[in-house]
Amino acid sequence: MNIPQLVDSHCHIDFPDFDGEQAELVERAAAAGVYKMVTICTSLAKEPEIRAIAETFEPVYYAAGTHPMNAAKDPLATVDQLVALSKHPKFVGIGETGLDYHYTADSAAVQQESLKIHIAAAQETGLPLIIHARAADEDMARILTDAYREKAFGCVMHCFSSSAELAQAALDLGFYLSMSGIAAFPKSQELRDIFAKAPIDRILIETDSPYLAPPPHRGKRNEPAYTAHTAKVGAEVFGVSYDEFATQTTENFNRLFAKAA
């Protein structure tokens, strides 16, 4: 029996939650049809460790950047530093970067500065930008739109759970929206409605594991294998079969993350 192939476009398998278990994690993912995953570095000091995971496991690719919640405590990245990292064959994206005014609004200015550095690296390398946006929709839309007008770049709004307005601003720039386990939560109908209005060829799926496990694992540790549960909900949202949704989102991933294709 052929299991439809899926990609977990955003996970954190370097986190302590998975210590000593990464080989089993990759095996369980494969058994669920998840044949590729991108593990995300959120603090550049940890990049060597995350690179080593990608080098160890064939299905694992990686991206690196400074998470907005780390922007005030980590040294600011430089464009040159990110461009140098991008030379690695398994380095496939810039970030995650972005704005988070929910937890760290006091560092908004440095977050914006950090975001612009990451955008410049995406523009220079041609690799997609990976965006975290929380409670910062207006600034996010403005900064991305202004930068895109100067020079185009690819981008995914990771774990999208923001407003319909930010979704439209991102889609208008040709960007992608990524569905996480949040989209599968029973109370997330409003979010599912936003996704349903998007073109299906701009949708990715992810776990953001170890966080945000979809039902039936909600409240427990998430892992890449659970991409399949979110994909089932995604298929329902778009009114297509699970196989079609898996095929489409994998094509979408390979188009945006061309280096991992």
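Refer to the preceding data block for the structure.
Quick summary incoming for the structure in this document.

1. Overview of the packing of aromatic side chains
So, point 1. For the structure on display, the rule yields 8 aromatic pairs.
So, point 2. Relative to Phe195, the ring of Phe160 has its centre 6.2 Å away and its plane inclined at 85 degrees; by these criteria the two rings are edge-to-face. Taken together, the residues span a long stretch of sequence, with Phe160 in the loop between strand 6 (155-157) and helix 6 (164-172) and Phe195 in helix 7 (residues 189-196) at a distance of 35 residues.
So, point 3. Using a relative accessible area of 3% as the deciding quantity, one classes Phe160 as buried.
So, point 4. Considering the side-chain rings of Phe253 and Phe257, the 4.8 Å spacing of their centres and the 15 degrees angle between planes classify their relative orientation as stacked.
So, point 5. According to the relative accessible area criterion, Phe257 is buried, its value standing at 1%.

2. With respect to unusual backbone geometry
So, point 1. The omega torsion across Ser209 and Pro210 is 15 degrees, close enough to zero to call that bond cis.
So, point 2. Its location among the elements puts Pro210 in the loop between strand 8 (203-205) and helix 8 (227-238).
So, point 3. Cis geometry marks the peptide bond from Pro215 to Pro216; its omega dihedral reads 10 degrees.
So, point 4. Here Pro216 is to be found in the loop between strand 8 and helix 8.
So, point 5. Unusually for a residue other than glycine, Cys159 sits at a positive phi of about 50 degrees.
So, point 6. Classification of Cys159 by relative accessible area gives buried; the value is 10%.
So, point 7. Of note in this structure, Asp208 is not a glycine but carries a positive phi near 55 degrees.

3. Regarding the packing of helix 4 (residues 108-125) against helix 5 (residues 137-150)
So, point 1. With their axes 11 Å apart at the nearest point, helix 4 and helix 5 run at an angle of 35 degrees to one another. By crossing handedness, the relation of helix 4 to helix 5 is classed as right-handed. Within the contact between the two elements, helix 4 uses Gln112, Leu115, Lys116, Ile119 and Gln123 and helix 5 uses Asp139, Met140, Arg142, Ile143, Leu144 and Ala147.
So, point 2. When grouped by side-chain class, the residues that make up the contact of helix 4 with helix 5 number 6 nonpolar, 2 polar and 3 charged.

4. Overview of helix 2 (residues 47-56)
So, point 1. Burial in helix 2 covers these residues: Glu47, Ile50, Ile53 and Ala54. The buried residues of helix 2 occupy one face: seen down the axis, they fall within an arc of 120 degrees.
So, point 2. Buried positions along helix 2 lie against helix 1 (22-31), strand 2 (34-41), strand 3 (60-64) and helix 3 (79-85).

5. As for the environment of Glu55
So, point 1. Relative to the elements of secondary structure, Glu55 occurs in helix 2.
So, point 2. Expressed as a C-alpha distance, the spacing of Glu55 and Pro89, which sit 34 residues apart in the sequence, is 9.4 Å.

6. Section: helix 7
So, point 1. Three or more residues of helix 7 are buried, namely Leu191, Arg192, Ile194 and Phe195. Looking straight down helix 7, one finds that the buried residues subtend no more than 155 degrees of arc, so they occupy a single side.

7. A short note on the nonpolar core
So, point 1. Counting residues in hydrophobic clusters, the biggest one holds 74 residues, and the most contacted among them are Leu144, Met157 and Leu177.
So, point 2. Judged by nonpolar contacts, the second largest core, of 14 residues, contains Ala63, Ile130, Val156 and Phe257.

8. Topic: the pattern of salt bridges
So, point 1. Taken as a whole, this structure holds 9 salt bridges when the rule is applied.
So, point 2. Among the salt bridges present, the one from Asp14 reaches Lys46, with a minimum N-O distance of 3.0 Å. In this pair, Asp14 is assigned in the loop between strand 1 (6-11) and helix 1 and Lys46 in the loop between strand 2 and helix 2, connecting sequence segments 32 residues apart.
So, point 3. Ionic pairing is found between Arg51 and Glu47, a salt bridge with its closest N-O pair at 2.6 Å. Taken together, the positions of Arg51 and Glu47, both in helix 2 and 4 residues apart, correspond to about one turn of that helix.
So, point 4. Residue classification places Arg51 among the partly exposed positions, given a relative accessible area of 27%.
So, point 5. Take Glu47: its relative accessible area is 4%, and that puts it in the buried class.
So, point 6. Taken together, the salt bridges that share partners define one network made up of Glu21, Arg28, Arg221 and Glu223.

The rules behind the values
- Residues numbered from 1 in each chain as written.
- Predicted model: local features only at pLDDT ≥ 70, side-chain atom pairs only at ≥ 80, totals over all residues.
- Heavy atoms only, no water.
- Phe/Tyr/Trp six-rings, centres within 6.5 Å; stacked < 30°, edge-to-face > 60°.
- Helix = DSSP H or I, 4+ residues; strand = E, 2+ residues; numbered from the N terminus.
- Buried < 20%, exposed > 50% of the residue type's maximum accessible area, 1.4 Å probe, protein only.
- Axes fitted to C-alpha atoms, helices over the stretch in contact; angles between N-to-C directions.
- Left-handed = near helix turned anticlockwise from the far one by under 90°.
- Contact = heavy atoms within 4.5 Å.
- Nonpolar A, V, L, I, M, F, W, Y, C, P; charged D, E, K, R; others polar.
- Arc of directions from axis to C-beta.
- Core = buried A, V, L, I, M, F, W, Y, C linked by side-chain atoms within 4.5 Å.
- Salt bridge = Lys/Arg side-chain N within 4 Å of Asp/Glu carboxyl O.

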